[in-house]
Amino acid sequence: MLYDYIINNYKEAEPIFFSDFVIEGITKSALNQQLKTLCKNGLLEKYDTGVYFRPKKSLLKSSIGPNADMVARYRFISKGDNIDGFYAGNSFANQLGITTQVPSVVEIVSNNTNSSAREIEIGNRRFYVRKPVVAITKDNVYVLQMLELLRNLDAYLDDTYADAKVKFYAYIDLHGIKRTDVDLYIRKFPRVIFKYYYELELDHVLA
């Protein structure tokens, strides 16, 4: 029964979180025992505490599973159609192209954390996870990600504000961010954010 559920809901090499299982008629204790049995029989493998996967066989017959970044993304950022977080700090600044710095600790802002900001280790990677100023949804994820970066822009910037402006303009255009979107959330952030907002002349490009 459990394995049928897993096959129907998870792809090979995709992270499976113990905390996500809510199956009628199966207690957490019984569920844990069934997962151990599936691992013993080679149908599942354990990646980390509370994280499993269906092994995918490579051409060399070795087992392929998720990596640390994939586990973190599924756990804190997005899984299926759900959006619960985004990359922040140097991680997002690098993706945006305003810095060439590659962070040793990946910063994530996520709904899926109940504690204060903390550093966690997944596999051989470190992640710094913290709560958002407001709950992240599909509708606000891109504007919140942009505003989070603006709150401490100088810490991430390799070049000039003029160079950064080009990157921000492209990001705004790509995701269709509007002035009304910014107005909804900008006052939730520290006041210093207005300095960068006007320095980059973002108001000129927002529709």
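The preceding data block contains the structure.
Residues numbered from 1 in each chain as written. Predicted model: local features only at pLDDT ≥ 70, side-chain atom pairs only at ≥ 80, totals over all residues. Heavy atoms only, no water.

*Asks:* Any chance you could break down the pairing of strand β9 (residues 105–110) for me, citing the residues and the numbers?
*Replies:* The side chains of a regular strand alternate between the sheet's two faces. Most of β9 sits out of view: 6 of its 6 residues are buried. Neither face of β9 is exposed, since V105, E107 and V109 on one face and V106, I108 and S110 on the opposite face are all buried. In the sheet, strand β8 (residues 85–88) pairs with β9 via 4 bridges, with the strands oriented antiparallel. Across the sheet, the residue bridging to A88 is E107, located in β9. Sheet topology note: the β9/strand β11 (residues 125–130) ladder contains 5 bridges and is parallel. The residue bridging V106 from the neighbouring strand is F127, located in β11. (Buried < 20%, exposed > 50% of the residue type's maximum accessible area, 1.4 Å probe, protein only. Helix = DSSP H or I, 4+ residues; strand = E, 2+ residues; numbered from the N terminus. Pairing = 2+ DSSP bridges.)

*Asks:* Go over the sheet that holds strand β3 (residues 51–53) with me, naming the residues and quoting the values.
*Replies:* Pairing is antiparallel in the open sheet, where 3 strands are placed in the order β1-β3-β2. The open sheet is flanked by β1 (16–17) and β2 (45–48), the only strands paired with a single partner. Pairing of β2 with β3, which is carried by 3 bridges, proceeds in the antiparallel orientation. Within the sheet, the bridge partner assigned to E45 lies in β3 and is F53.

*Asks:* Give me the lowdown on the environment of D139, citing residues and values where you can.
*Replies:* Looking at where D139 falls in the secondary structure, it is placed in the loop between β11 and α5 (141–150). A relative accessible area of 76% means that D139 is categorised as exposed. Between the C-alpha atoms of D139 and I177, which are 38 residues apart in sequence, the distance is 9.9 Å.

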